[in-house]
Each structure stands twice: as C-alpha cells, then as structure tokens.
4 protein chains.
Amino acid sequence: MNTFGRQFSISIFGESHGECVGITIDGCPAGLPISPDDFTYDLSRRSSGAKGTTPRKEPDELKIKTGVFNGYTTGAPLTIMFDNTNTLSRDYLKLRETPRPGHADFTAMKKYGGFEDYRGGGHFSGRLTVGLVAAGVIAKKLISPMLVTATLQEAGGSTDVEAAIDAAVLKRDSIGGIIACTVSGVPAGLGEPFFDSVESLIGHMMFAIPAVKGLEFGSGFAGSRMWGSEHNDMLINTDGKTNTNNAGGINGGITNGNDLAFRIAVKPTSSTHRIQHTINLVTGEMVDLEIEGRHDTCIALRVPVVAEAATALVLVDLMMLEGMIGRRLPSNTQTPADQ
Amino acid sequence: MNTFGRQFSISIFGESHGECVGITIDGCPAGLPISPDDFTYDLSRRSSGAKGTTPRKEPDELKIKTGVFNGYTTGAPLTIMFDNTNTLSRDYLKLRETPRPGHADFTAMKKYGGFEDYRGGGHFSGRLTVGLVAAGVIAKKLISPMLVTATLQEAGGSTDVEAAIDAAVLKRDSIGGIIACTVSGVPAGLGEPFFDSVESLIGHMMFAIPAVKGLEFGSGFAGSRMWGSEHNDMLINTDGKTNTNNAGGINGGITNGNDLAFRIAVKPTSSTHRIQHTINLVTGEMVDLEIEGRHDTCIALRVPVVAEAATALVLVDLMMLEGMIGRRLPSNTQTPADQ
Amino acid sequence: MNTFGRQFSISIFGESHGECVGITIDGCPAGLPISPDDFTYDLSRRSSGAKGTTPRKEPDELKIKTGVFNGYTTGAPLTIMFDNTNTLSRDYLKLRETPRPGHADFTAMKKYGGFEDYRGGGHFSGRLTVGLVAAGVIAKKLISPMLVTATLQEAGGSTDVEAAIDAAVLKRDSIGGIIACTVSGVPAGLGEPFFDSVESLIGHMMFAIPAVKGLEFGSGFAGSRMWGSEHNDMLINTDGKTNTNNAGGINGGITNGNDLAFRIAVKPTSSTHRIQHTINLVTGEMVDLEIEGRHDTCIALRVPVVAEAATALVLVDLMMLEGMIGRRLPSNTQTPADQ
Amino acid sequence: MNTFGRQFSISIFGESHGECVGITIDGCPAGLPISPDDFTYDLSRRSSGAKGTTPRKEPDELKIKTGVFNGYTTGAPLTIMFDNTNTLSRDYLKLRETPRPGHADFTAMKKYGGFEDYRGGGHFSGRLTVGLVAAGVIAKKLISPMLVTATLQEAGGSTDVEAAIDAAVLKRDSIGGIIACTVSGVPAGLGEPFFDSVESLIGHMMFAIPAVKGLEFGSGFAGSRMWGSEHNDMLINTDGKTNTNNAGGINGGITNGNDLAFRIAVKPTSSTHRIQHTINLVTGEMVDLEIEGRHDTCIALRVPVVAEAATALVLVDLMMLEGMIGRRLPSNTQTPADQ
C-alpha cells in the first residue's frame, strides 16, 4: 500500500499539514557514504518558490533518524523525516462540504469515512513526494554510473514553458505538462518476467506520483501507428545497441542495454484561482467554489526530480535482485571497522 | 515476479512451445460456481484464426486442475492449465545467433545466460496471456455487476481497423493499435494510498501484457495540454458523479464512482513477413533475417480481452482488500454442505 | 525484512543508541479512537526498573507522528516514535574486537561488514520491541473483545520467579524463562492455508522477538509423546468447543474456536556480570571479557507484553484478511465528519 | 497464503483426492541441471509403505511441466505436478456431519463455508508436502555444499522408534515424534533483521508442515532453564566457531557460522483405529466415530525429509537475497548456448 520494492523497499508516511512527512528505506546496502549535502540539489529542484510554483515554501530540512552511523548506511532501516513548518490554518471544515474538483477530497472521504486528515490534501498531498526525492538521492548513488535525467518537455501544450506559465498566471488558471525521462548506462538484463517487467514497475511508480495520468515507453502512442518494420529497432552490435529506440530500451520487459526512454503526462494543477462549481454534499446544491491560498500554476515544473527518484528506486531494486548491487558495498575509504 | 495481487493473487507459468501454460489463483473466494462454459467466450476472443491474427490455432482447452469441487471454488488455490499442442519444430538454434528485432531474444539471453527456453518466445510469449484471460473470467464474475469493456479503437493509426489490416497484409508488414477500456458500475473508494493507487496497479498489469507500450487515464496526454479549469471534472451529485471524465474515474489514486476509462497503446507485432536486418552474435556481422512461420499481422486485435482480464484482476483484489468481496460467497444455490 | 503483515502491516526501525526507535503501521483501519493514555499500561509492563531488569530507564515517551487526526486513526500510515535519551557513551570500539558471547556482535559484523551501528546492540537491541508493544496496543483495541494474556510461568527453571531472580542476582549471573500465552474469544476460521497457518504466523513473529528460542502450541513437545487417542481434542458442541486443548486452539492451521494457547522459551540474558571468555578478532587470542554496565538479570520478565503484542498483530491481520475487521470502523461517537 | 519466499518463491496447490498436487517455484536461478533421478531418493523417503506408515501408496511420479529446458532450469517458473491415482471413494458426505477430532474438518468448514474439498483432508492433507519435498531437492542442490539432515530422534516418547511403532500398532493407536534437524557448512551472515530472522523464517516454514506443534533452536526449552554463563556459546576462533551450540547457530537472528540445529515436535497422527467420540453437527448429539481406511501410525516417520526441504527452501532464499547464489548459475558443462 504505502510500500514499494522487493529488496530495496520504501515506505512513505505523513500528511501535508500534520507534524511531518517521511520515508523509511528497508534493505539499503550497508556501507554507502551519506552526507546531508547529498540531498541539497535534488530537494531544491523539487521545492517551490520559482515562477509557476506555489508560494508555500517549506525549508525541507532533512533529518536522518535511523540507519546511518558514522556517515555510512548501516544496512538497518533508514528513516528520513521532514517536519512540516509552514502550514496555514484555514476553515477546512467548511471546505469539506464542498469537495474541490480534481482533488482527492471526495474519494478520501468515501474511502476513510470522514476520518482522513483533510487539511491541505493530507496523506494525498504532493508534499509526500519530498520523501521520495530523498530516497531517490540514495538510489541514484547506488546505481551510479547509470544516470537518470528527467526534463519538462512541454507545459500547457507548448514547448516554450516560460511563456505558457506567464499565460496561465495571467488567466488565473493552471496548466499541465509532459516530462521526458531517460536513463543512460543501463545494463542489459534488468527486469523480471511477466508481471515485474521494467515497464510494469516504472508504470507502478510513475502513476503513484500525484497528477501523473499518462506514460509511454519509447515511441509509445505514436509507435502504435507505425509499421512493424519501422518500429523494430535494429541491433547493430553484439552488445545489443540499436539504431533507433522505439522500444524505449526494453524488450520483453527486460532492458536491452540501450537508454531507457519514456514520457509522462502530468495533468494541470487541480487548484486554480478561477471560480469553479461543485456540489455541496450537505445541501445537495451546486455552489461556486473559490480555492483560496497558495498553489502551483504548473505542478509539472516540480515533477521531473520526482520522476527521476521513482525511476532510480525501481532500478536499484532490480539491480539488487540481479545481484549487481550487493548488500554491503565495498568501500575505498576507511570504514568504521578500520578505525 | 510471476505473481501479482495481494489477496486475490495470480501466478503465471509456462512456455510457448513447452508442455503447457497455466495460472494459479491464490485467495479466490470459496463458493463461486464455475463451469467450463464460463470461459468459452473470452477464450475465443483471445484466440487466433480471424483475419489479421496468426494461423497457429491452439484449441485452448482449459483444464481446471485444483481448487474447484462439485462445481464451486473451494477457497484453495485454483490452478488452470492449457496444453500446448500445435507447436512446430524449427531450426531455433540457428535463429539464436541472429536475435529478432523487437523480440525478447536478445534480452532473455542476457538475463538467463542462454538457458532460457527460446522456442517461440518461450516464457515471454503472448501465449502466456491465455491463463490471464482465464483468471480474468473468474475475476469478472466476482466483480459483477461491474462491467469491464475493452475495444480496439484504431489499428495502424486508422479507425477503420479492417482496411488497416488489409493494407498491412498486402504490404507484408505488421501494425499496432490503441485500445480503449472502460469499467462501469465502479464503487467509489477503491484503490490504496500512494504506491497502490488504481492507476499504479492498472499500470503494473497493463505493462505486463506483451506489446503494450503506453497507457493513459481519462484525457491522459491530451489532458496535459488542457487548462486546469477545463480538465477538472465538476461534481454534479452527492454520489460523486461528474459531468466530464478527464480523470478517468480516479482522483488521488482512488475511484470516484464514475466509470474507469483508460487507453493503451499496443506496438506493431515484432514479427513481419518483410526481410529485416540484425546482428549475428557469433560472427558480429549484420545479416538479413526473414522470420518464417505464423504470426499476427496485428496483435492488438487479440489484446482487448486480455486488457479486460487484467483490469478485472486488479479490481477484484481491491474489492477484497476493501471487504466488498468476502472470502466465502453467499450462494443462492444448494451448496455441497446442503446436499 | 523489517516489515510484517499483509493488510495490517508493521515496519520497524531504529537503533538502541541512535536518535530514536519507532514503528509504522500501514493499513490500520480508519476511525479507531487513539489516546496517548491507551499505551501507558503496556509500555510500563515492558519498561525496566523492577527487580531483575536493567537499571537503564528510558521514559518511553510515545510520539504519534502521523496517521492520527482529531483523536482517530485516519487510515494513512501511523508512525510512532520513541526518542532515545538515556544512552551512555562507552568504549565501544574496543569492544568490537572482542565480540560478546550470545549477542549479535559477531553476526552483525559478518552481515554488514562493520558498518552496523554496534552501540548497545544497535538495530538488534531489545529496545526495538518498544515499537512492537505500541503497535500491539492498537492491535489489541482492534481485536477486542478477544483477549491476549501472556504470563511468565517460570524463570531459571523455577516457578518461584522472585526466588530465581534473587539467586541469579546473588550469583551475578542471568536466567531465562518460559512464557505462556493464551487468547480467549477467538473466532473459528482464522488462518490461511498452508504457509500462513496460525502457527506459522505466530511462529514468525515470536521468533522475531530477541531471545526467544522455542515455541510450542497446546501440548507441544509433551504432546509428541502422547497417544493419538489422548492427544485428540474431542468436540463437545457444535461451535467446536473441545474438552481438552492439546491442539492449542488450531487444527489444520486454522483456529477452531477454542482459546489459542502456546508457550515460548526465552534464553537467559546474554550479558551477565560474570567474566566470560571470547576471541579477540584482531589478535586471534582468547581473552577475558567483563561486560560492564546495565543489563537485565532476566529479560524474560519483560517479554510477556511483547509476546501479547506480537500475537495481537498476527490476529488483527488475519481478521482483516477475513473481513471481520473493516477498513473503516463504525463509530458510536461523533466523527470529524459530523462536527 | 499458499506462497512463501521473497526471491526463491514457492506456491503450492492441489488436494488429496483431487486430480493432482503440485508446486511452482518462481525465481529459481537459470542453469541448474535437473534430472528426474534427482528427486527419487527424497521422494522415496517421504513415501509410505514402510511399517508405521499408511498403506495408501502413491507412485509419486513427478512431472516437470515448465521451467526446465534441455535438462537445465531456464529461470522461468518451474512447475512440478504429481497426479493423484490411488484415491478411494468413500461416504465422505456422511463423515461431514461428524468432524474427526484433531483434523481440519471442522475448521475448514468454518473457514470455507462448506465449499472446501473435504475428501481425504483436501488441501489440508499431508499429501501436499510431496511438492515441498520436490522443491526441496532443487533447493538442496542450490545450497550445496551446505548439508541439511533431519532424523527422527524419538517416537511415542521413546528413542527406540521401532518398538514404539510396534506398541502403537498393537494398541491400534497412533504416536508422534521429535525430529532433530542440523545444517552443516552454513556461512555466517544469513538472515534478515528483525522479522525475517533465521528462526522466524524456519519457524514460519516448519509450522506450515501438517502435524508440527513445537520448535526449538539449540538448547531451546531446556536452555531457558540454564544460567546465562552456561548458555552463552564461547567463540573460540576468528571464524566464529563456538565450543557449544546452545544458540543453534543463530545470534540476533543471523547465522553465526556454526551448524544450524533445531528440533521439531510432531503430534500423533489424528486418525487412529480406535473408536473416538465427536459431535454430530446436524443432530447436536455426541456420537462414536470409527475412522476407516488407511492412515499412518506415526506420521513423524515421514516428516524428516519434509523438514529438510523446508529448511533448504529457507536457506536458498536467504542466500539469494545475500547474493551468494546468483540468478544464473555458472556451469562447467556445455550450456544450450554452446551447443
């Protein structure tokens, strides 16, 4: 449910306006050097503040609570937490009667019978992805020199992302985007048969990221309109290199040694500054709804680093299953035992 | 790996040209009436023989080996097997030196070191989906009156599927397609938080189906180009009904009571009658490759019923987790205990 | 690894002398009222300070970090943490060369290559069970009116526990004990076939408790010396009540409606005040070892409440699988939605 | 439920008087040579026919249905089946009203609502262990040169097993027994922290074997009556060798490099030739019950090989997790790829 991964397993917890959010990694190899600085860059990529993102600015101060000792992972569960500091109190109870369109307000109420923490999206908030990014930093270190890169290809249907955001801000509306993700340096042979194909596992993770509504590997939807003779990637050397990459680096669910390549569709932020309509669950009447407060014009701006983390987390698990990453890392630095 | 599902759990096994293929369902509720006739229609939808499909015609004779007694499921594992009867022997060993583009030949060899059963795709063959369809029949019965419907929307980029197939046959090439899947009668509240969102689980399953390379929920990729105010589905009654369905029936990973709606992209069949080029792994030279034998011009023709099965399997598991389907079914017929 | 349970799933983390220990419960039903007072009694039963237990006294201040809102569980992961406050610094590095007999010093070093947090047992410490006890409190509330009761039957081989402890203190040695656990009010039909029999799941959990080295259900080892005609429990009413309980309440791995009954053997505390001998891993010479500091004379004194928690955690999971406990609890008090 | 193991995962299916019983291994490394002869010895050890065992004699003809190709495992799921041939029809329906003491008749009916296959114990039958033994043969090959040995130490409370059986046959009663299991050649460092300790995993598996009611590691229950200074095993070399083995080769849940040693208690066979008493579930009256037909006087005679299999299955999984056994085996013989 809130856990993913067979051997490198992550568990996520927390709420947007509760005390904290966090993540526990179980099965992290022992002996990986970890410093708080490792996380700075990726956390800053996910954080808000830039144009098109919410003015809610969390310091995202990472606290490693367990699993690291003397600067190295120990092999025991590694728990990372982030306190929530910048939460505004608001008249949430009133809001409950009028579920916001596009959000999980209505579905969470149905699922949890009204007991859910509904403040700021609660457990459904994109805030939870901060833990994912932190775990992704560790995964990226482990799979190095494989390199995961995600970039926002288009926003609001336009490849000029900046202009699209300006237009959306002006219109007081929100926009979505499309993110391309590639991984270079991928060894052939990753992925498990049938249900745990690389596409399946990446699919599982990508659709766990809030706002992701589409995913395609290689030529994807466009590829379904090609001839087979066009679509087939031709092997041009004995390492499996192909001249094209319509398969996105995956055949039969297994990596073929070429770059992984896939794209994800991120829907427009559900909160906008425009007045919307919804049902009042108590009175049964349609009402106008204005969503006050701080929100992202284009949440897709902040998703690339989350997609990278999600990808790295899938890959580290597959490499551990394959024995390509061990339970203990060889270290070229002095270990605690040597001191 | 070859297992999926938490409470209604399926395990798949077999090879295309081995003795058999099959599936075991663990956790199937006791007391569901099962008759061989239940499977006929869906198995025939998956089977070949129609224009655009392979002339290899397997009788697909279903054998329920365990888990059914006196016409009812017992609650013990239910194993279903299909013997392979119509296999042609061929010079597979020669083929091994020249991996077929688009197939798993190269990746399987890398993963299993040459020990894989390479005949006819082995464990990677689409033949394995016959077990999935059989399990899907049982899942559909359990989730009834929910109704899962998948249809081929376009083939080879054209909505005139028949014409597209004619053109491909003429060209001796293969084509892909796009399949739309909807589920009606879905209760609100299905889906687990974060990693086991409905999209994640459906994504996991859909990308396990051979040849699936893309998936989008609701308005999907097109939705990422809409304004938020357009994309948001407006709630119009207190049951959660919305006027549009850009979300595909899912908010925050949880069903919202509207129809589930998603589309999958199926790549063109990798085998075509055209001459292709590939590397000879032994000599290191590029060679021409002609794939003899029987194959589908448009494998997408046979995927809808597999997609339905995959969807029903996700839903039955979610309903069991939610307690909406029990471990023992109430029966309005005489049970063995009553006899 | 550090996770257990299919639907009510617990994940444990932390180290004895690190910042904290804790537990995350995933899958806890929404709507269960939770107050800090709920935990006081069971935490005090586990805590030290009484005769025969270690003088290290942790306040065990429970912090519910996530998953509870307005006094009720939300259905999202529930994370509970306990800060470590009363840790003594010590010359641990020196100790590393001379692994303490009976402890995990040597095995942890082998497994984690010297990167493990070795202070005070690290992740292997009995300190970790404080989280288990906290989770057990929640499990006990959920399975109520089932009642789990564990008591120390004998210590150091004697039923006079107090005298045995006095003798051990005098001898500067440590002792073990045997704990009997019973559960009343158990419905028939709990337990899953074959691998997830009730005995298997309780066995899995009990042997996860540090120092537990034996487990027997019903008449157990003694039962293996009985005649079948003696051992068989005779059914005496149609609810399945039996006149004896040699089966410990379980037939074929499934509860039979009688009390669950089992016993666990707890080894003597590995740390004693006596001088022991061990190998110096660096010099390869046998050396004398005196374990300074605070330790329990009879750790078995503190295990009953842990065994109760472990039992309740198995039962709540089995009841949820059976649909006997739902994902949302009906509440007879005002819920947040009613306010 | 019917599945066990993280990386080397087994799934069991079938019924005693149904068509067949079987097992699927998912995650078996590719490249292990497999011949039907490999199974002969262990299957014969489990089979009946000797004094003290049931006269029902199944040929136990093993059929490898999938996952083996050209005499080697392929890495795909390996399904093994055994047809049931020697089943007697009987008036089972009458028997249903009067549940046999000690059997799963009553509990299965409660769990499955009368839909269970009740013939000859159905899915609860010891017949299911034949698949476990077959999977154990493969596991033993993989963990070689580790050696698992289980022997019947006592039967009916006597170390003279033969005399005990003679006495039981004479008395028309049944007896249990105690089995000692040791594993030599165990590397240090196997076992996962906390919940997946070696004791936990072995406990999980052993209690899945029908009729097992007790388990103790090393000195076990007797050890709980020792002084700590006695119980602690002294390390006598830098490989971790200890002078005694009260810990059964496990400290902190992790193997310490000494032999694994544990004992299991097997209850007397529930079926005896003596007249027993039970309740008639329809009339509510106590009745006499004579269990006709074929049964084991001492089922414990056939359990050692099952215990060995269960142990090997735990160990192979732990070794794969640790990367000590890879996904592809190096082979010193010609592989298919070389041919």
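Residues numbered from 1 in each chain as written. Chains lettered and ligands numbered in written order. Predicted model: local features only at pLDDT ≥ 70, side-chain atom pairs only at ≥ 80, totals over all residues. Heavy atoms only, no water.

### Re the overall build of chain A
Scanning chain A from N- to C-terminus turns up nine helices and 15 strands. A compact globule built from 339 residues would reach a C-alpha radius of gyration of about 20 Å, and chain A, at 21 Å, matches this within 12%. If you line up chain A on its principal axes, its C-alpha atoms span 65 × 60 × 35 Å. Partitioning the intrachain contacts of chain A with sequence separation of at least 6 by distance along the chain shows that 72% fall at a separation of at least 24. In the structure as shown, chain A presents an accessible area of about 10,800 Å², 51% of it carried by carbon and sulfur atoms. Across chain A, the centroid of the 30 positively charged side chains sits 4 Å from that of the 37 negatively charged ones. (Helix = DSSP H or I, 4+ residues; strand = E, 2+ residues; numbered from the N terminus. Rg over C-alpha atoms; globule rule 2.2 N^0.38 Å. Contact = heavy atoms within 4.5 Å. Areas by Shrake-Rupley, 256 points an atom, 1.4 Å probe, with all protein chains shown as cover. Lys, Arg positive; Asp, Glu negative; His and termini not counted. Charge placed at Lys NZ, Arg CZ, Asp CG, Glu CD.)

### Brief notes about the sheet that holds strand E3 (residues 20-26) of chain C
Residues and elements named next belong to chain C. If you trace the five strands from one edge of the open sheet to the other, you get E1-E2-E3-E7-E4, paired in antiparallel fashion. Of all strands in the sheet, those bounded by a partner on one side alone are strand E1 (3-4) and strand E4 (62-66). Where E1 lies against strand E2 (residues 9-14), two bridges are found, and the strand directions are antiparallel. Across the sheet, the residue bridging to threonine 3 is serine 11, located in E2. (Pairing = 2+ DSSP bridges.)

### A closer look at the relation of the copies chain A and chain B
You can overlay chain A on chain B at an RMSD of 0.0 Å; the transform is a turn of 180 degrees with a shift of 0.0 Å along its axis. The operation mapping one copy onto its partner corresponds to a two-fold rotation axis. Looking at chain A, 100% of its interface residues are interface residues in chain B too, so the copies touch through the same face. (Least-squares fit on C-alpha atoms with pLDDT ≥ 70 in both.)

### Let's talk about the interface of chain A and chain B
Each partner contributes to the interface: chain A provides 103 residues, whereas chain B provides 103 residues. Summing the contributions of chain A and of chain B, the shared interface buries around 8,000 Å²; its carbon and sulfur component is 65%. Per-residue buried area on chain A facing chain B is highest for Phe194, Phe195 and Lys213 of chain A; these three make up 11% of the total on that side. Counting the contacts that link chain A with chain B gives eight salt bridges. Considering only residue class, the side of chain A that touches chain B consists of 44 nonpolar, 41 polar and 18 charged. As judged from the three bridges shared by strand E10 (residues 212-217) of chain A and strand E10 (residues 212-217) of chain B, these two strands associate in the antiparallel manner. Paired with glutamate 216 of chain A across the two strands is glycine 214 of chain B, which belongs to E10 of chain B. (Buried area = accessible area lost by both parts, 1.4 Å probe. Salt bridge = Lys/Arg side-chain N within 4 Å of Asp/Glu carboxyl O. Nonpolar A, V, L, I, M, F, W, Y, C, P; charged D, E, K, R; others polar.)

### As for the packing of helix H4 (residues 129-143) of chain A against helix H9 (residues 303-321) of chain A
All names here are of chain A. For the pair H4 and H9, interaxial distance at closest approach is 7 Å and the crossing angle is 50 degrees. In this view, H4 runs oblique relative to H9, as classed from their interaxial angle. Pair H4 / H9 crosses with left-handed handedness. The segment H4 lies against H9, with Thr129, Leu132, Val133, Ala135, Gly136, Ala139, Lys140, Leu142 and Ile143 engaging Val305, Val306, Glu308, Ala309, Ala312, Leu313, Leu315, Val316 and Met319. When grouped by side-chain class, the residues that make up the contact of H4 with H9 number 14 nonpolar, two polar and two charged. (Axes fitted to C-alpha atoms, helices over the stretch in contact; angles between N-to-C directions. Parallel < 35°, antiparallel > 145°, perpendicular 65-115°, else oblique. Left-handed = near helix turned anticlockwise from the far one by under 90°.)

### Section: the sheet that holds strand E9 (residues 177-184) of chain B
Read across the sheet, eight strands follow the order E8(A)-E9(A)-E13(A)-E10(A)-E10(B)-E13(B)-E9(B)-E8(B) without closing on themselves; strand pairing throughout is antiparallel. Every other strand in the sheet has two partners, leaving strand E8 (147-155) of chain A together with strand E8 (147-155) of chain B as the edge strands with one partner each. Strand-to-strand, the axes of this sheet are offset by a mean angle of 20 degrees, without reference to chain direction. In this fold helix H6 (residues 198-206) of chain B packs onto E10 of chain A together with E10 and strand E13 (260-266) of chain B, with an angle of close to 160 degrees to the strand it touches most, E10 of chain B.

### What about the relation of the copies chain D and chain C?
If you rotate chain D by 180 degrees and push it 0.0 Å along the axis, it lands on chain C with an RMSD of 0.0 Å. Here 100% of the contact residues of chain D are again contact residues in chain C; the copies associate through an equivalent surface.

### A few points about the pattern of salt bridges
Summed over all chains, the structure comprises 104 salt bridges over all chains. For lysine 111 of chain C, the salt bridge identified is with glutamate 322 of chain D, shortest N-O distance 2.7 Å. Of this pair, lysine 111 of chain C sits in helix H3 (residues 105-112) while glutamate 322 of chain D sits in the segment after helix H9 (303-321), each in a different chain. You can call glutamate 322 of chain D buried: its relative accessible area is 8%. Notably, a salt bridge pairs arginine 225 of chain C with glutamate 154 of chain D, separated by 2.8 Å at the nearest N-O pair. Here glutamate 154 of chain D lies in strand E8 (residues 147-155) and arginine 225 of chain C lies in the loop between helix H7 (220-223) and helix H8 (228-231), a pairing that spans two chains. On the basis of relative accessibility, which here comes to 39%, the residue arginine 225 of chain C falls in the partly exposed class. By relative accessible area, which is 11% here, glutamate 154 of chain D ends up buried. (Buried < 20%, exposed > 50% of the residue type's maximum accessible area, 1.4 Å probe, protein only.)

### Thoughts on the packing of aromatic side chains
If you walk through the whole model with that rule in mind, you get 30 aromatic pairs over all chains. Each ring, one from phenylalanine 194 of chain D and one from phenylalanine 195 of chain D, has its centre 5.0 Å from the other, and the planes form 75 degrees; the classification is edge-to-face. Judged by relative accessible area, phenylalanine 194 of chain D falls into the buried class, the value being 8%. Here a set of aromatic residues connected by ring pairs shows up, and it is made of Phe4 of chain A together with Phe194 and Phe195 of chain B. Stacked on the ring of tryptophan 227 of chain A, the Lys or Arg lysine 171 of chain B has its end atom at 4.5 Å from the ring centre. (Phe/Tyr/Trp six-rings, centres within 6.5 Å; stacked < 30°, edge-to-face > 60°. Lys NZ or Arg CZ within 6 Å of the ring centre and 35° of its normal.)

### Regarding helix H4 (residues 129-143) of chain D
Taking 1.5 Å per residue, 15 residues should reach 21 Å; H4 of chain D reaches 20 Å between its end C-alpha atoms and fits that length. Of all 15 residues in H4 of chain D, 13 are buried, a share of seventy percent or more. (Expected span 1.5 Å × (residues − 1).)

### Re the pairing of E2 of chain C
Taken residue by residue, a regular strand's side chains alternate between the two faces of the sheet. All names here are of chain C. Across the six residues of E2, six count as buried, placing the element largely inside the fold. Across the two faces of E2 the burial is the same, with Ser9, Ser11 and Phe13 and Ile10, Ile12 and Gly14 all buried. In sequence, E1 turns back onto E2 through a hairpin of four residues, with glycine 5 there showing a positive phi of about 110 degrees. Taken together, the six bridges between E2 and E3 define a ladder with antiparallel strand orientation. Residue isoleucine 10 lies in a different strand from E3, and its bridge partner there is isoleucine 25. Adjacent in sequence and paired antiparallel, E2 and E3 are bridged by five residues.

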